[in-house]
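What follows is each chain in one-letter form.
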Amino acid sequence: MTKRYQPVALLFLLAPFALPAQNVRMNNGIITNLSEAKVVKYVDEVDFNGLGGNAKVSYSRIKGSPFWSDQWKEADLFTESSQIGTAPVKLNLATDEIYFLKNNEEWVLQDKDIVRVVFKNDSIEFQRKVANLFLNKKKVDGLVAILNQGAYQLIRYVHRTVVTADSLFGTQKRYFFRDDIDYFIRTNQIIQPIRKLNREAFLAVLPKASQYNDWINEKKLTFKREQDLLQFLQFYNSKLPNAPE
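Residues numbered from 1 in each chain as written. Predicted model: local features only at pLDDT ≥ 70, side-chain atom pairs only at ≥ 80, totals over all residues. Heavy atoms only, no water.

## Let's talk about the overall build of the protein chain
Operational definition: Helix and strand definitions here come from DSSP, where helices need a minimum of 4 consecutive H or I residues and strands a minimum of 2 consecutive E residues; each element is numbered from the N-terminal end. Accessible area is worked out with a 1.4 Å probe on protein chains only. A residue is then buried under 20% of its type maximum, exposed over 50%, and partly exposed in between. Throughout, a residue-residue contact means that at least one pair of heavy atoms, one from each residue, lies within 4.5 Å. Per-residue and other accessible areas were derived by the Shrake-Rupley procedure at a 1.4 Å probe size, with only the shown protein chains allowed to occlude residues.
Scanning the protein chain for helices and strands turns up 3 helices and 18 strands. When the 245 residues of the protein chain are sorted by exposure, 47% land in the buried category. The long-range fraction of contacts in the protein chain, counting pairs at least 24 apart against all pairs at least 6 apart in sequence, stands at 53%. For the protein chain, the exposed area adds up to about 14100 Å²; of that, 49% sits on carbon and sulfur atoms.

If you want it as structure tokens, here you go:
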């Protein structure tokens, strides 16, 4: 796991010249038009450059991207009870917001009842408000990636924050996104953290997984990479009783 830094608070403000946000309703999801507001998102930094008070820094000055993918990807959107629509989607992992494209304009869902985002052309879905998901004894309700299907599922939680560093000569601050990534295993609504990306820690959360050590050695898996975890889970799930052929 990566070392954790104190994040910079994210503020979303409208500049004085911005028009009032337009509100519409897509089924039961309230949506705010961000076609103007997307250029006036700020990061709050106290006494930035000696200006005093709370100076603001635009997204364009932050290295990296707040999005899981910068490309629009077609996805189905679900509440707990039903699907509410399909749209080109981007996920802002820094703010836990779901963006979508409507009539060539960029919008953001304000309705937190959207709990599943299923991408049509990727073998991945994102969920929020996952039951029994805790990190450091704190409930995680933000977007997390469900990386595989089967009795034992790998969950990836990316905590994306903004951190700062001084420039080489200390004349100005640099801003960049930083990820703290945690993995979990879910089965029957029981979720266990993977304490470290290595063989011992990963197999410890999978019952009787050590019986497949010969297969692991043959495939040369080290479990230091997400790809190794997923490769083993596909094999492991296939060996469970009642696993589909």
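Don't stop here, the text continues.
## Some thoughts on helix α3 (residues 226-238)
Counting along an α-helix, one turn takes 3.6 residues, and residues three or four places apart therefore face a common direction. Test applied: Helix span is expected to be 1.5 Å times the residue number reduced by one.
With 13 residues, α3 ought to run about 18 Å at 1.5 Å a step, and its terminal C-alpha atoms sit 19 Å apart, in line with that. Buried within α3 we find Asp-228, Leu-229, Phe-232, Leu-233, Phe-235, Tyr-236 and Asn-237. The elements touched by buried residues of α3 are β16 (153-166), β17 (173-187), α1 (199-203) and α2 (213-219).

## Describing the confidence of the model for the protein chain
Stated precisely, the cut-off is as follows: Confidence scores per residue from the predictor, reported as pLDDT, run from 0 to 100.
Here the protein chain shows a mean pLDDT of 77. Residues at 70 or above account for 73%. Per-residue pLDDT, averaged within each element of the protein chain, yields its smallest value for strand β2 (residues 23-26) (33) and its largest for strand β15 (residues 144-146) (98). Segment residues 1-53 is flagged for pLDDT under 50; beyond a separation of four residues in sequence, or across chains, it makes 130 contacts in the model.

## A short note on the nonpolar core
Going by this rule: What is meant by a nonpolar core is a set of buried Ala, Val, Leu, Ile, Met, Phe, Trp, Tyr and Cys residues, joined one to another through side-chain atoms within 4.5 Å.
In terms of nonpolar packing, the biggest core is built from 40 residues, with Phe-202, Leu-206 and Phe-232 touching the most fellow members. Top element by residues in this core is α3. It accounts for 5 residues. Every residue in contact with Leu-206, bar those within four places of it in the chain, is listed here: Tyr-152, Ile-185, Phe-232, Leu-233 and Tyr-236. The next biggest cluster of nonpolar side chains, apart from the first, holds 10 residues, and it includes Leu-135, Val-140, Val-144 and Tyr-157.

## So, the pairing of strand β8 (residues 83-92)
Let me state the cut-off plainly: Pairing between two strands requires that DSSP report at least two bridges joining them.
Across the 10 residues of β8, 7 count as buried, placing the element largely inside the fold. Pairing analysis gives 6 bridges linking strand β7 (residues 73-78) to β8, with the strands arranged antiparallel. Residue pairing for β8: Glu-74 is matched across the bridge by Pro-88. Between β7 and the antiparallel strand that follows it, β8, lie 4 residues. As paired strands, β8 and strand β9 (residues 97-102) are joined by 4 bridges and run antiparallel to one another. Counted as the bridge partner of Val-89 is Phe-100 from β9. What sits between the antiparallel neighbours β8 and β9 is a turn of 4 residues, in which Asp-96 has the positive phi angle 60 degrees.

## Observations regarding unusual backbone geometry
Of note, the phi angle at Lys-137 is positive, near 70 degrees, even though the residue is not glycine. Tracing the backbone through its elements, the reader meets Lys-137 in the loop between β13 (134-135) and β14 (138-139). On the basis of relative accessibility, which here comes to 82%, the residue Lys-137 falls in the exposed class. Positive phi outside glycine occurs at Lys-208, with the angle close to 60 degrees. Here Lys-208 is to be found in the loop between α1 and α2.

## Observations concerning the pairing of strand β18 (residues 190-193)
Looking at chain direction, β17 and β18 are connected through 4 bridges and run antiparallel. Note that in β18 the partner of Phe-184 across the bridge is Pro-193. Here β17 folds back onto β18 in antiparallel fashion, the turn holding 2 residues, of which Asn-188 has a positive phi close to 50 degrees.

## Remarks on the side chain of Thr-187
Condition: Polar contacts, as counted here, are pairs of nitrogen or oxygen atoms within 3.5 Å of one another; within protein the pair requires one atom able to donate a hydrogen and one able to accept it, and residues that are adjacent in sequence qualify only if both atoms are side-chain atoms.
With respect to the secondary-structure elements, Thr-187 resides in strand β17. A distance of 3.0 Å separates a polar atom in the side chain of Thr-187 from the backbone oxygen of Ala-151. Residue contacts for Thr-187: discarding those within four places in its chain leaves Ala-151 and Tyr-152.

## Section: the packing of aromatic side chains
Let me state the cut-off plainly: Stacked, tilted and edge-to-face pairs are distinguished by plane angle, under 30 degrees for stacked and over 60 for edge-to-face with tilted covering the rest, among Phe, Tyr and Trp rings (Trp via its six-membered ring) whose centres lie within 6.5 Å.
Under the definition given, this model contains 15 aromatic pairs. Between Phe-202 and Phe-232 the ring centres are 6.2 Å apart and the planes differ by 75 degrees, which places this aromatic pair in the edge-to-face class. Placement of the pair is Phe-202 in helix α1 and Phe-232 in helix α3, with a sequence separation of 30 residues. Comparing Phe-202 with Phe-232, the two get one shared label, buried. Between Tyr-212 and Phe-235, the ring centres sit 5.2 Å apart and the planes meet at 85 degrees, which makes this aromatic pair edge-to-face. With a gap of 23 residues between them, Tyr-212 in the loop between α1 and α2 and Phe-235 in helix α3 connect regions that are remote in the sequence.

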